[in-house]
Amino acid sequence: MSTVRERSLPDSAGRRARRVVRDPSYRTPRRDPGRAGRAGPWPYLLIAPAVLGMLYLLVYPLARAVVISFQDFRLRQLIVGDAEFVGLRNYRTLLSDPEFWEVVRRTFLFMVVNVVVIMVLSTLVALMVERLGRTVRTVVLSSLVLVWAVPVVAATTVFQWLFHSEFGIVNETLTGLGFSSFESYPWLAHGGTAFTIVVVLIVWQSVPFAAITLYSALVTVPAELYESARMDGAGPARIFRSVTFPLIRPIFMLVLSLEIIWTFKAFVQIWVMTRGGPGGATTILPVYAVQTALSGQRYDLGSAASMITLLLMSGVLVLHFRHLFRQEGEHL
């Protein structure tokens with residue numbers, strides 16, 4: 001079967017023009033319609049381990065928690081396995097508990113404080129890194145990566161020692177500066193200071209990822225736009241508001257969404273440092289769910305608290321994405 005092939009031939013003016021000629025020696029390769037079908041089950045067998053692992057590690061625990069939240073599931077049922085279906089009784093028990101609503105309020109306060117501080121500091125750090133020289137920028141980015149790479153438990157243990165009442169360097173430094181009231185001050189024994197320390201720890205761990213991600217978005221903004229804005233007399237604040245932020249908005253909103261998820265479900269830092277104390281001052285929903293499940297072996301109430309946490313976090317993300325899509329639609 002002959003086909004058409006393009007060739008470059010000289011025209012009458014001596015220039016080379018593209019003319020279409022037919023080459024009978026060229027044949028178009030035919031696509032075998034049965035080739036894809038002959039692959040058989042091998043593609044599915046190759047991805048089967050990953051799919052099965054995902055179902056076992058992600059879907060099964062979630063489905064199991066949902067089932068337990070509708071059962072009377074305590075220590076006896078964990079051993080014997082004769083759990084009774086009780087419907088929405090566990091959810092009614094939680095929703096009628098004033099302590100639970102206090103934990104919900106504290107969780108949202110904890111999330112808002114962390115997310116606002118993280119996004120503000122990360123944006124400032126990213127803007128600073130963009131203006132640094134190559135050597136200093138490399139040092140700063142390397143430091144951020146090292147901070148980000150520190151394991152959560154190790155970082156939490158370091159913060160515990162920093163604020164230790166007897167051997168902590170914070171008390172030693174403040175006392176050396178003349179603040180004698182901080183000698184042997186028990187930071188983690190007071191609700192307000194313990195809450196603040198946990199916030200500082202999570203912000204310290206979260207800023208590197210957010211700052212590096214925002215910096216990677218900043219370097220994609222064309223320099224010509226900055227030069228045009230400066231020629232029009234725009235200051236730094238106006239340039240960021242009118243030029244920089246609109247271009248990095250998608251990445252900024254992505255980082256914001258991730259930080260909402262990560263701070264809403266923060267558990268390891270609080271559990272290692274304070275176990276939710278003192279007096280429940282650092283107890284948020286994930287910690288409350290574990291405390292409820294372990295303290296009285298009420299695994300049913302703990303699972304119900306986890307499901308409510310998932311629903312609340314999903315609701316926050318849905319509202320956030322609706323607002324994001326509405327803004328994107330207005331800019332189109």
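Note that the structure is a prediction, hence the values are computed from the model and not measured. (Residues numbered from 1 in each chain as written. Predicted model: local features only at pLDDT ≥ 70, side-chain atom pairs only at ≥ 80, totals over all residues. Heavy atoms only, no water.)

Caption draft 1: Local environment of the overall build of the protein chain. A tally of regular secondary structure across the protein chain gives 13 helices and four strands. Out of the 332 residues belonging to the protein chain, those deemed buried represent 34%. Across the protein chain, every contact between residues at least 6 apart in sequence was considered, and the portion connecting residues at least 24 apart equals 60%. As presented, the protein chain carries roughly 20600 Å² of accessible surface, and 66% of it is formed by carbon and sulfur atoms. (Helix = DSSP H or I, 4+ residues; strand = E, 2+ residues; numbered from the N terminus. Buried < 20%, exposed > 50% of the residue type's maximum accessible area, 1.4 Å probe, protein only. Contact = heavy atoms within 4.5 Å. Areas by Shrake-Rupley, 256 points an atom, 1.4 Å probe, with all protein chains shown as cover.)

Caption draft 2: A look at the pattern of salt bridges. Under the counting rule described, the total for this entry stands at seven salt bridges. A salt bridge links Arg-89 to Asp-72, with the nearest nitrogen and oxygen atoms 3.8 Å apart. With Arg-89 in helix H3 (residues 89-95) and Asp-72 in strand E3 (residues 71-72), this pair connects stretches of sequence that are 17 residues apart. The class for Arg-89 is partly exposed, based on a relative accessible area of 34%. As a salt-bridge pair, Asp-300 and Arg-298 come within 3.1 Å of each other at their nearest N and O atoms. This pair shows no difference in class: Asp-300 is buried, exactly as Arg-298 is. Here the salt bridges share partners, and the residues they tie into one network are Asp-72, Arg-74 and Arg-89. (Salt bridge = Lys/Arg side-chain N within 4 Å of Asp/Glu carboxyl O.)

Caption draft 3: Structural detail: the nonpolar core. Within the largest apolar cluster, 65 residues are counted, with the highest numbers of intra-cluster contacts made by Leu-94, Phe-100, Phe-110 and Ile-260. For this core, the leading source of residues is helix H8 (residues 191-218), giving 14 residues. (Core = buried A, V, L, I, M, F, W, Y, C linked by side-chain atoms within 4.5 Å.)

Caption draft 4: Structural view of the confidence of the model for the protein chain. Looking at the protein chain, pLDDT values average 85 and 86% of them are 70 or higher. Segment residues 1-7 is flagged for pLDDT under 50; beyond a separation of four residues in sequence, or across chains, it makes 27 contacts in the model. Segment residues 12-17 is flagged for pLDDT under 50; beyond a separation of four residues in sequence, or across chains, it makes nine contacts in the model. (pLDDT = per-residue confidence, 0-100.)

Caption draft 5: Local environment of the packing of aromatic side chains. One pass over the full model with this rule turns up 20 aromatic pairs. Their ring planes at 80° and their centres at 5.7 Å tell us that Phe-110 and Phe-195 sit as a pair that is edge-to-face. Here Phe-110 is found in helix H4 (residues 98-130), whereas its partner Phe-195 is found in helix H8, with 85 residues between them in sequence. Across this residue pair, the class does not change: Phe-110 and Phe-195 are buried. (Phe/Tyr/Trp six-rings, centres within 6.5 Å; stacked < 30°, edge-to-face > 60°.)

Caption draft 6: Here's a closer look at the side chain of Thr-156. With respect to the helices and strands, Thr-156 occurs in helix H6 (residues 152-162). If we skip the residues at most four places from it in the chain, Thr-156 touches Leu-201, Gln-269, Val-272 and Met-273.

Caption draft 7: Structural context of unusual backbone geometry. Between Gly-277 and Pro-278 the backbone carries a cis peptide bond, its omega angle lying at -5°. Looking at the secondary structure, you find Pro-278 in the loop between helix H11 (268-273) and helix H12 (285-295). Positive phi, close to 60°, is recorded for Ser-184, a residue that is not glycine. As for its placement among the helices and strands, Ser-184 is situated in the loop between helix H7 (169-176) and H8. Backbone geometry places Arg-275, a non-glycine residue, at a positive phi of 55°. Among the structural elements, Arg-275 can be located in the loop between H11 and H12.

Caption draft 8: Representation of the environment of Met-307 within the structure. Mapped onto the elements, Met-307 comes out in helix H13 (residues 299-331). Distance in space between the C-alpha atoms of Met-307 and Ala-289 is 9.5 Å, their sequence separation being 18 residues. Leave out the neighbours within four places in its chain, and Met-307 touches Leu-62, Ala-65, Val-66, Ser-69 and Tyr-91.

Caption draft 9: Expanded view of the layout of surface pockets. In this structure, the largest pocket occupies an estimated 360 Å³ of space. As for the largest pocket, its lining consists of 16 residues, of which Val-152, Gln-205, Ser-206, Trp-262 and Gln-269 are closest to the centre. If you add up the space inside the second largest pocket, you get close to 240 Å³. Along its surface, the second largest pocket is lined by Thr-123, Leu-127, Glu-130, Arg-131, Tyr-226, Arg-230, Pro-236, Ile-239, Phe-240, Thr-244 and Phe-252. (1 Å grid on protein atoms, 1.4 Å probe; cavity = no way out; pocket = protein on both sides within 12 Å on 5 of 7 lines; lining within 4 Å. Points joined across faces, edges and corners; volume = space filled by probe spheres on them.)

Caption draft 10: Local environment of the packing of H4 against H8. Running from N to C, H4 and H8 point in directions that differ by 40°, and their axes come no closer than 7 Å. In terms of their interaxial angle, H4 and H8 are classed as oblique. The element H4 and its partner H8 pack so that their crossing is right-handed. Looking at the contact of H4 with H8 residue by residue, the class counts come to 21 nonpolar, four polar and two charged. (Axes fitted to C-alpha atoms, helices over the stretch in contact; angles between N-to-C directions. Parallel < 35°, antiparallel > 145°, perpendicular 65-115°, else oblique. Left-handed = near helix turned anticlockwise from the far one by under 90°. Nonpolar A, V, L, I, M, F, W, Y, C, P; charged D, E, K, R; others polar.)

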